[in-house]
Amino acid sequence: GEEAERTVYSADGALFEFADGCWKERGRGELRVNVAKEEPRRARLIMRSKGNLRLLLNASLASFVTCTKMDGQRGASFPAINCASQSDAADEKKEEGKDEKDAAAAASASASGTAAEAEPSLSTFAWRVARGGDSIDAFVDVVERSR
């Protein structure tokens, strides 16, 4: 949990994911870079949407993660495996008002291993800092030092 971590970067902005050949906005809110307080000092990116605090991004900063500043000096792109995707898909289905029968059938299929549930996979994300916020240089620097 986040109680065993300290935040080394925090800023408001927008998160995008490159999917199906174009950038798609995943949400707006606060992005944090958290580092574990104890060894091993692993770091991760966490982003929650403004308002309902839905988890948009939960990704470890692996050694292969490199940030690239984008044109306009307010954004950066980076590869990540977003572990928030699976839980959000389940939450969205609940919010869409699926009835109990559909939920029970899905749970049964999942328990028997027949559900085609997607595993988290490597994707390209972009982070754009909100106007008036920190420069993107601070984000890139923290990511490079924390991986």
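Use the structure listed above.
My aim in this report is to walk through the structure given alongside it, one point at a time. Quick caveat, the model's predicted, so the values are computed rather than measured. (Residues numbered from 1 in each chain as written. Predicted model: local features only at pLDDT ≥ 70, side-chain atom pairs only at ≥ 80, totals over all residues. Heavy atoms only, no water.)

**Describing helix α3 (residues 136-146)**
Item 1. Inspection of α3 places Ile 136, Phe 139, Val 140, Val 142, Val 143 and Ser 146 among the buried residues, and these make up the whole buried set. Take α3 and look down its axis: the buried residues cluster within an arc of 165 degrees, on one side only.
Item 2. Here the buried face of α3 lies against β1 (5-19), β2 (22-36), β3 (43-49), β5 (68-69), β6 (75-81) and β7 (122-129). (Buried < 20%, exposed > 50% of the residue type's maximum accessible area, 1.4 Å probe, protein only. Helix = DSSP H or I, 4+ residues; strand = E, 2+ residues; numbered from the N terminus. Arc of directions from axis to C-beta. Contact = heavy atoms within 4.5 Å.)

**Quick notes on the packing of aromatic side chains**
Item 1. The tally for this structure, following the rule as stated, stands at 5 aromatic pairs.
Item 2. An angle of 55 degrees between the planes, with centres 5.4 Å apart, marks the rings of Tyr 9 and Phe 139 as tilted. Taken together, the residues span a long stretch of sequence, with Tyr 9 in strand β1 and Phe 139 in helix α3 at a distance of 130 residues. A single burial state applies to Tyr 9 and to Phe 139, both of which are buried.
Item 3. With 6.1 Å between their ring centres and 20 degrees between their planes, Phe 78 and Phe 125 make a pair best called stacked. Residue Phe 78 is found in strand β6, and its partner Phe 125 is found in strand β7; the two are separated by 47 residues along the sequence.
Item 4. Taken together, the ring pairs in this structure connect Tyr 9, Phe 78, Phe 125, Trp 127 and Phe 139 into an aromatic cluster. (Phe/Tyr/Trp six-rings, centres within 6.5 Å; stacked < 30°, edge-to-face > 60°.)

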